[in-house]
Amino acid sequence: MIPELGHFALILALCVTAVLGTLPLLGAHQGRREWIVLARPAAQAFFLLVATAFGALAWSFYSNDFSVTYVAEHSNSKLPTMYRLGAVWGGHEGSLLLWMFMLSGWTFAVAQLSRTLDDAMVARVLGVLGLVATSLLLFILLTSNPFGRLLPAAEDGNDLNPLLQDPGLVFHPPMLYMGYVGFSVAFAFAIAALLSGRLDAAWARWSRPWTTTAWIFLTLGIALGSWWAYYTLGWGGWWFWDPVENASFMPWLLGTALLHSLAVTEKRGTFKSWTVLLAIGAFSLSLLGTFLVRSGVLTSVHAFATDPRRGIFILVLLVLVVGSSLTLFAWRAPKVALGGSFALMSRETFLLAGNVLLVVACGSVLLGTLYPLFIDALNLGKISVGPPYFNAVFVPVMAPALFLMAVAPIARWKHADAKEMAQRLWIAGAVSVIAAFAIPLLMGGVTLLTALGFLLAFWVGGSMVLQIVRRFKAGVPPLSFWAMQLGHLGIAVFVIGITMVGGFQEEKDVRMEPGDTVLVGGHQFKFNGARQVMGPNYEASRGEFEVSKNGSVQQMLYPEKRKYFSSEMPMTNAAISPGITRDVYVSMGEPLEGKAWAVRVYFKPFVDWIWAGALLMALGGVCAVSDRRYRLRVKAAEAARITALQGATS
Amino acid sequence: MKLKFLIPLAMFAVLVGFLAVGLNRDPHEVPSPLVNKAAPAFNVAQLAAADKNFSPADLQGQVWMLNVWASWCVACRVEHPVLLEFGKSHAVPLIGLDYKDQRPDAMKFLATHGNPYDLSAYDNDGRVGIDYGVYGVPETFIIDKHGVIRHKQIGPITPEVLAGTILPLINELKKAS
Amino acid sequence: MKRLLVLLLAVLACGLAAAKEATPLAEDPVVEQRLIEISQDMRCLVCQNESLAGSRADLAQDLRRELRELIRAGKSDAEIKEFMVSRYGDFVLYKPPVKPTTWLLWAGPFVLMIGGIIALVVYLRRRGKVVEGGEAALSDEDRNRVQALLQESEQ
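Along each chain, numbering runs from 1 in the same order as the chain's sequence is written. Written order determines the labels here, with chains lettered from A and ligands numbered from 1. Totals for whole chains, interfaces and linings use all residues, but because this is a predicted model, local features are given only for residues with pLDDT of at least 70 and pairs of side-chain atoms are given and counted only at 80 or more. Excluded from the side-chain calculations are hydrogens and water; all other atoms, namely the structure's heavy atoms, are used.

> Help me understand unusual backbone geometry, please; the structure alone is not making it clear to me.
Glycine aside, residues mostly have negative phi, and peptide bonds are mostly found in the trans state. At the junction of Leu-151 of chain A and Pro-152 of chain A, the peptide bond is cis and its omega measures out at 0° in the coordinates. Each helix corresponds to a stretch of at least 4 residues labelled H or I by DSSP, and each strand to a stretch of at least 2 residues labelled E; elements are numbered beginning at the N terminus. Relative to the elements of secondary structure, Pro-152 of chain A occurs in the loop between α8 (119-143) and α9 (167-196). Pro-138 of chain B follows Val-137 of chain B through a cis peptide bond whose omega is 0°. Locating Pro-138 of chain B in the fold gives a position in the loop between α4 (127-131) and β6 (139-143). Unlike most non-glycine residues, Asn-64 of chain A shows phi in positive territory, near 55°. Counting through the fold element by element, Asn-64 of chain A comes out in the loop between α4 (39-62) and α5 (69-74). In this structure, Phe-271 of chain A takes a positive phi of about 65° despite not being glycine. Mapping Phe-271 of chain A onto the fold places it in the loop between α11 (243-268) and α12 (272-295).

> Sorry if this is basic, but what is going on with the interface of chain C and chain A here?
When the parts come together, some accessible area is lost, and that loss is often what is quoted as the size of the interface. Counting residues at the interface gives 46 residues for chain C and 59 residues for chain A. The term buried area refers to how much accessible surface (probe radius 1.4 Å) is lost by two components on association, counted for both of them together. Surface buried jointly by chain C and chain A totals about 4,600 Å² across both partners, of which 63% is contributed by carbon and sulfur atoms. The salt bridge definition used is simple: a Lys or Arg side-chain nitrogen within 4 Å of an Asp or Glu carboxyl oxygen. The interface formed by chain C and chain A includes one salt bridge. Identification of polar contacts relies on pairs of N or O atoms within 3.5 Å, with a donor-acceptor requirement for protein atoms, meaning one able to donate a hydrogen and the other able to accept it, and with residues adjacent in sequence counted only if both atoms are side-chain atoms. Between the two partners, chain C and chain A, sit nine residue pairs in polar contact (both at pLDDT 80 or more). Looking at the side of chain C that touches chain A element by element, the count peaks at 18 residues for helix α5 (residues 103-134) of chain C. Each residue is assigned to one class: nonpolar for Ala, Val, Leu, Ile, Met, Phe, Trp, Tyr, Cys and Pro, charged for Asp, Glu, Lys and Arg, and polar for all the others, Gly among them. Residues that form the side of chain C that touches chain A fall into these classes: 24 nonpolar, nine polar and 13 charged. Alignment of strand β1 (residues 506-512) of chain A against strand β1 (residues 23-24) of chain C, held across two bridges, turns out to be antiparallel. Among the inter-strand pairings, Val-510 of chain A is bridged to a residue of β1 of chain C, identified as Pro-24 of chain C. Whether two residues are in contact is decided by their heavy atoms, any of which lying within 4.5 Å being enough. Two strands are said to pair when DSSP picks up at least two bridges between them.

> Please clarify how the sheet that holds strand β9 (residues 582-591) of chain A should be interpreted in this entry.
Sheet strands line up and pair through hydrogen bonds in the backbone, either parallel or antiparallel. Here we have five strands laid out as an open sheet, ordered β8(A)-β9(A)-β10(A)-β1(A)-β1(C), and antiparallel in their pairing. Both edges of this open sheet fall to β8 (575-577) of chain A together with β1 of chain C, since each of them pairs with a single strand only.

> Which parts of the structure should I look at to understand the environment of Ala-411 of chain A?
Residue and element names in this part refer to chain A. Structurally, the position occupied by Ala-411 is in the loop between α15 (387-407) and α16 (418-443). Separated by 174 residues in sequence, Ala-411 and Gly-237 place their C-alpha atoms 38 Å apart. When near neighbours in sequence (up to four residues on either side) are disregarded, Ala-411 contacts Ser-346, Arg-347, Phe-350, Ala-416 and Met-421.

> Hey, could you run me through the sheet that holds β6 of chain B in this one?
Residue and element names in this part refer to chain B. Read across the sheet, five strands follow the order β5-β4-β3-β6-β7 without closing on themselves; strand pairing throughout is mixed. Bordering the open sheet on either side are β5 (119-123) and β7 (149-154), each of which pairs with just one other strand. Adjacent strand axes in the sheet meet at a mean angle of 20° when their direction is disregarded. The pairing of β6 with β7 spans five bridges and is classified as antiparallel. Directly across from Glu-139, in β7, lies its bridge partner Ile-154. Most of the contacts of helix α2 (residues 74-89) go to strand β3 (residues 64-69), to which it runs at about 155°, and overall it touches β3, β4 (94-99) and β6. Lines fitted to C-alpha atoms define the axes, with helix axes restricted to the stretch in contact, and inter-axis angles between N-to-C directions lie between 0 and 180 degrees.

> What should I look at first to understand the packing of aromatic side chains in this one?
Pairing of aromatic rings covers Phe, Tyr and Trp, the last through its six-membered ring, and needs centres within 6.5 Å; plane angles under 30 degrees mean stacked, over 60 mean edge-to-face, and all others mean tilted. This model, assessed by the stated rule, comprises 41 aromatic pairs over all chains. Both rings, one in Trp-215 of chain A and one in Trp-252 of chain A, keep their centres 5.9 Å apart while their planes meet at 25°; by these two values the pair is stacked. Here Trp-252 of chain A lies in helix α11 and Trp-215 of chain A lies in helix α10 (residues 201-232), a separation of 37 residues in the sequence. With respect to burial, Trp-215 of chain A and Trp-252 of chain A carry one shared label: buried. One aromatic cluster in this structure is built from Trp-215, Trp-239, Trp-241, Phe-249, Trp-252, Tyr-389, Phe-390 and Phe-394 of chain A together with Trp-106 of chain C. We call a charge positioned above a ring when the Lys NZ or Arg CZ atom is no farther than 6 Å from the ring centre and deviates by at most 35 degrees from the ring normal. One residue, Arg-332 of chain A, lies across the ring of Trp-331 of chain A, its end atom 4.7 Å from the ring centre. Buried residues are those whose accessible area, probed at 1.4 Å on protein chains only, stays under 20% of the maximum for their type, while exposed residues exceed 50% and partly exposed ones sit between those limits.

> For this particular structure, what's the right way to read the interface of chain C and chain B?
On the side of chain B, 16 residues touch chain C, which itself brings 16 residues to the contact. A combined buried area of about 1,400 Å² lies between chain C and chain B, and 52% of that area is made up of carbon and sulfur atoms. Run the count over chain C and chain B and you get four salt bridges. Across the pair Arg-127 of chain B and Glu-69 of chain C runs a salt bridge whose closest N-O atoms are separated by 3.2 Å. Mapped by element, the contributors of at least two residues to the side of chain C that touches chain B are α3 (58-72) and α4 (77-88) of chain C. Residues of the side of chain C that touches chain B, tallied by class, amount to eight nonpolar, three polar and five charged.

> Could you clarify how one ought to interpret the state of the cysteines in this entry?
A covalent bond between the sulfur atoms of two cysteines is referred to as a disulfide. Residues and elements named next belong to chain C. When the sulfur atoms of two cysteines come within 2.5 Å, that pair is taken as a disulfide. In total, this model carries two disulfides over all chains according to the counting rule given. The partner cysteine of Cys-44 in its disulfide is Cys-47, sulfur to sulfur 2.1 Å. Note on the Cys-44 and Cys-47 pair: the S-S dihedral is about 65°, so by sign convention the disulfide is right-handed. Of the residues examined, Cys-44 reaches a relative accessible area of 1% and is grouped as buried.

> How should I be thinking about the side chain of Ser-432 of chain A in this particular structure?
Residue and element names in this part refer to chain A. Mapped onto the elements of the fold, Ser-432 is located in helix α16. Reaching out from Ser-432, the side chain makes a polar contact with the backbone oxygen of Gly-429 at a distance of 2.8 Å. Discounting chain neighbours no more than four positions away, the residues touching Ser-432 are Phe-454, Leu-455, Phe-458 and Trp-459.

> Could you clarify how one ought to interpret the domain arrangement of chain A in this entry?
Residue and element names in this part refer to chain A. Annotation comment: domain bounds sourced from an automatic or database domain assignment. For chain A, the domain assignment lists domain 1 (1-165), domain 2 (166-355 + 377-386) and domain 3 (506-605). The C-alpha-based centres of domain 1 and domain 3 are spaced at 43 Å. Each partner contributes to the interface: domain 1 provides eight residues, whereas domain 3 provides six residues. Summing both partners gives a buried area of about 660 Å² for domain 1 against domain 3, and 62% of it is carried by carbon and sulfur. Taken together, the connections running from domain 1 to domain 3 amount to zero salt bridges. Looking at the side of domain 1 that touches domain 3, its residues break down into four nonpolar, two polar and two charged.

> Looking at this structure, how should I read the confidence of the model for chain C?
The predicted coordinates should not be examined in detail at positions where pLDDT is low. All names here are of chain C. By definition, pLDDT measures how confident the predictor is in each residue, and it falls between 0 and 100. Residues with a pLDDT of 70 or more make up 80% of chain C, whose mean pLDDT is 82. The secondary structure element of chain C with the lowest average pLDDT is helix α1 (residues 2-18), at 62, and the one with the highest is α4, at 94. Quick note on the complex model: pTM equals 0.90, ipTM equals 0.87.

> Sorry if this is basic, but what is going on with the nonpolar core here?
It is characteristic of soluble globular proteins that their nonpolar side chains tend to be buried jointly. As used here, the term nonpolar core means buried Ala, Val, Leu, Ile, Met, Phe, Trp, Tyr and Cys residues forming a set that is joined through side-chain atoms within 4.5 Å. In this structure, Met-100, Leu-126, Trp-203, Leu-253 and Phe-291 of chain A together with Leu-19 of chain B are the most contacted members of the largest nonpolar core, which totals 205 residues. Membership of the second largest hydrophobic core comes to 69 residues, among which are Val-137 and Leu-169 of chain B together with Phe-83 and Leu-93 of chain C.

> Is there a simple way to explain the side chain of Ser-71 of chain B in this structure?
Secondary-structure assignment places Ser-71 of chain B in the loop between β3 and α2. Beyond its immediate chain neighbours, meaning those up to four positions away, Ser-71 of chain B contacts Arg-77, Asp-98, Asp-101, Asp-105, Ala-106 and Phe-109 of chain B.

> Could you clarify how one ought to interpret the pairing of strand β4 (residues 538-549) of chain A in this entry?
A regular strand carries its side chains on alternate faces of the sheet. All names here are of chain A. Of the pairings in the sheet, the one linking strand β3 (residues 523-534) to β4 comprises nine bridges and is antiparallel in character. Looking at the pairing, Phe-527 lines up with Phe-545 of β4. The hairpin formed by β3 and β4 contains three residues between the paired strands. Strand direction decides the pairing type here: β4 and strand β6 (residues 560-564), joined by five bridges, are antiparallel. Looking at the pairing, Glu-539 lines up with Lys-563 of β6. Pairing between β4 and strand β5 (residues 552-557): five bridges, direction antiparallel. When the sheet's bridge partners are listed, Ser-548 is paired in β5 with Val-553. Hairpin connection, β4 to β5: the antiparallel pair is bridged by two residues, and Asn-550 has positive phi, about 50°.

> What should I look at first to understand a positive patch on the surface in this one?
Taken together, the side chains of Lys-4 of chain B together with Arg-125, Arg-126 and Lys-129 of chain C make up a positively charged region of the molecular surface. Note on placement: Arg-125 of chain C falls in helix α5. Each patch is assembled from residues with relative accessible area greater than 30% and no salt bridge, linking like charges that lie within 9 Å and nonpolar side chains (Val, Leu, Ile, Met, Phe, Trp, Tyr) that lie within 5 Å. We get accessible surface area from the Shrake-Rupley algorithm with a probe of 1.4 Å; when it comes to residues, only the shown protein chains can shield them. When charges are counted, Lys and Arg contribute as positive and Asp and Glu as negative, whereas His and the chain ends are disregarded. All charge positions are set by atom: Lys at NZ, Arg at CZ, Asp at CG, Glu at CD.

> What am I meant to see in helix α19 (residues 608-626) of chain A here?
Side chains of residues three or four places apart in an α-helix project in the same direction, reflecting 3.6 residues per turn. Residues and elements named next belong to chain A. Take the residue count of a helix, subtract one, and multiply by 1.5 Å to get its expected span. Between its first and last C-alpha atoms α19 spans 27 Å; for 19 residues at 1.5 Å apiece the expected length is 27 Å, and the two agree. Along α19, the residues classified as buried are Asp-608, Ile-610, Trp-611, Gly-613, Ala-614, Met-617, Ala-618, Gly-620, Gly-621 and Cys-623. Buried residues along α19 sit in contact with α10, α11, α18 (479-504) and β9.

> Before we go on, may I ask you to explain the pattern of salt bridges in this structure?
A side chain with one charge may pair with a side chain of the opposite charge, provided their charged atoms come close. With the rule as written, the count across this model stands at 31 salt bridges over all chains. Here Arg-65 of chain C makes a salt bridge to Asp-62 of chain C, at a shortest N to O gap of 3.6 Å. Here Arg-65 of chain C and its partner Asp-62 of chain C are both found in helix α3, three residues apart, which amounts to about one turn of the helix. You can call Arg-65 of chain C partly exposed: its relative accessible area is 23%. The exposure class assigned to Asp-62 of chain C is buried, which follows from its relative accessible area of 6%. Through salt bridges with shared partners, one network takes in Lys-100 and Arg-127 of chain B together with Asp-62, Arg-65, Glu-66 and Glu-69 of chain C.

In structure tokens form, the structure reads like this:
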């Protein structure tokens with residue numbers, strides 16, 4: 001009953017979005033009030049219906065309803081409750097329903113939080129979201145229905161892939177999708193602006209908080225995925241330039257460019273067409289990512305089970321959505337008026353240059369990810385493009401952007417003075433040069449990459465400190481100032497993390513018998529043997545390790561080698577001792593003869609700074625969204641004040 | 001001025017073109033760089049008779065087929081009836097390469113499902129497979145009279161592939177000097 | 001009592017003698033280090049997308065065994081790469097070789113970057129002329145007011 005209810009809710013939702021995607025848009029175009037006002041209620045209905053459908057699927061998992069094919073494929077009665085929820089988005093159909101749920105949520109939020117925006121604009125924005133929703137709902141209902149029945153019902157399910165049975169992995173897709181889908185709002189605002197011909201600073205002001213919020217989620221989602229890979233996969237890597245990872249990184253790069261571009265459009269009224277193009281681009285890349293993961297076109301550890309029919313559908317969807325937006329752009333953007341002027345040396349230029357570099361970086365990742373496909377399609381053979389390529393290409397492109405990150409905030413709008421900037425920044429320059437050599441030498445040795453990493457990190461960090469010191473002289477800075485500083489600090493911290501780990505990590509692959517010790521990174525590890533333990537749906541060999549430094553025991557680590565009942569593949573659960581300045585990481589390999597085990601021990605200096613950096617960036621985003629200008633309460637208070645004033649003067 | 005605004009759309013169109021073509025390709029399939037090169041030499045024991053050896057040089061001057069199989073390989077069972085049928089025709093010598101297998105298991109497989117091979121070579125540690133660029137089972141090589149690999153079939157041989165690709169190639173190679 | 005103590009000491013001694021510094025898993029850590037470096041840049045052919053260094057697949061283990069022997073035999077990195085490429089093609093390398101078919105790949109990002117910067121500068125120059133032509137000339141007093149206002153808004 002409940003799955004059918006969910007299915008029915010989706011069909012109704014399709015009807016609602018079909019209305020939402022047509023009438024309000026036509027109404028705004030023709031000035032028809034009665035169609036314009038349909039937008040908000042339709043958005044609300046859309047959300048309620050998809051929430052019902054999502055709830056129905058979640059309930060099917062919670063209640064172990066193995067008569068639903070999707071549940072039988074991805075769940076199991078022994079699966080702990082938390083992972084039963086995570087299993088909802090563990091496969092293709094469910095993850096698409098999650099996408100839909102997020103889209104309906106964002107649409108609902110826009111409907112509720114846009115009271116002060118004029119109705120025609122709201123109608124357009126919601127209308128565009130409705131169109132996107134309609135095409136995705138069609139996709140779900142025609143090719144990827146999660147409510148299909150399995151008759152006769154299975155006794156028990158296949159179980160969720162053991163790799164996904166982890167808290168990090170439960171939250172990673174929702175965070176990512178909140179980001180991807182959130183960019184649809186920026187996209188909708190951009191299309192609405194093109195449709196209405198109204199592309200001004202007010203439009204940018206409206207778009208900004210939505211875009212920033214989406215960006216926050218995407219940042220956290222990517223960081224979560226990276227952190228999960230680090231502690232789950234057993235060999236301490238945190239980024240592989242896998243096609244699906246790249247698919248999430250590309251919208252992030254464009255989204256970051258978009259954030260900066262929107263700031264300029266709002267403050268200075270310039271970069272309008274460019275901002276619109278970036279908004280279209282960021283969402284298009286989100287859709288492209290969806291295509292790449294589910295179509296079977298690229299090999300990836302992340303790929304869902306593929307079906308060429310689905311691939312064709314998504315490609316058609318991609319062509320329709322992106323093709324029509326870019327056509328609209330080509331048609332309407334030339335008519336947009338040029339904003340104010342600015343000198344070649346100005347903050348605007350630096351921001352634009354940073355944007356260009358981010359776009360180039362995004363383009364490079366796209367090139368590398370799709371190149372094997374290009375070559376194969378042209379019958380020129382088969383090649384692989386992996387981490388060596390991306391690392392070689394990404395660093396030279398991003399390094400200048402990092403340089404600019406310290407310079408742009410110091411530059412004046414419209415006309416910057418190079419001498420003044422140099423005067424303000426030389427201290428940061430000096431500190432960064434010293435750090436570039438001192439720190440690597442302290443850690444073990446200078447290389448080009450480690451020197452470059454510290455140079456840039458301290459350059460950005462130094463500039464930040466100088467800005468804060470100077471700014472405090474004029475009183476406590478507003479949240480928007482902290483947003484920028486935290487965002488850039490996050491990058492600096494991130495760069496320190498990857499430079500430290502990349503340059504100075506240590507690893508040993510050893511054979512250990514109970515009682516053996518090994519020395520890695522100044523820490524001594526003593527193996528006390530392994531014993532069998534039972535989990536809810538697995539059994540494991542759990543090793544016990546004593547970690548000591550300078551003779552005193554710091555802590556015990558218990559890595560496991562798990563065998564899930566549902567899968568042939570053994571899973572490695574590494575044990576990590578995290579710390580501000582280092583992680584130590586122990587992972588069990590294979591059992592050897594007698595009581596001996598193959599063990600891998602890692603020393604990873606400052607590795608947690610990688611994700612701490614991402615958190616700082618996200619925090620910066622939160623500051624940006626919380627800035628007074630966007631808080632509705634203040635608006636209401638101001639509106640009340642203005643009304644009172646008007647009353648007093650009339 | 002207006003043309004530059006069409007650049008994003010044009011780039012997108014090119015991208016979509018490639019993606020559409022890509023939908024019809026298999027990103028896992030690895031074409032062999034050994035086609036039109038000499039078949040790598042090897043000398044290993046036979047499966048059935050451990051005291052006798054086999055080497056590609058034994059078949060110099062003939063067109064022949066090398067089929068990589070294993071008792072643990074599920075897809076090989078799909079291919080097996082096709083091979084049995086083909087083997088009956090004795091069109092060319094059909095040599096099996098028993099890859100990363102155990103003798104008893106392999107012998108049992110042939111006894112149960114039939115033996116289409118003139119003989120099978122025993123590649124226990126997979127070294128011959130590596131020299132031939134084998135990355136999955138089954139795979140099949142067509143080798144000409146001069147010992148040059150002319151075709152590599154990745155995956156099981158289906159009746160369509162046999163009739164459409166392999167047989168015509170074999171006939172053509174047999175006619176050649 | 002004394003016998004018990006002696007027994008205890010003997011047992012302890014054995015225990016201490018048995019516990020030792022763990023031996024590296026690989027027979028030769030130097031060879032192993034080189035193996036990891038080389039195989040990290042190669043693809044595991046049977047996996048979805050993993051390096052040859054990390055994969056647990058059978059074929060990956062066999063290939064690592066082959067590479068280990070080649071390293072022990074003193075082969076250079078280039079020779080080892082050639083061994084793999086001659087058998088499996090360019091697909092096995094994670095770092096695409098630089099050849100005519102990959103010029104676009106390797107040059108692309110840098111061409112894009114330089115092109116982007118040039119386009120930016122050209123655009124800014126042209127834009128400056130267009131906009132300035134339309135702006136009304138400001139008096140010096142107005143210009144100073146504008147500068148002051150801008151300074152305020154930056155903070």
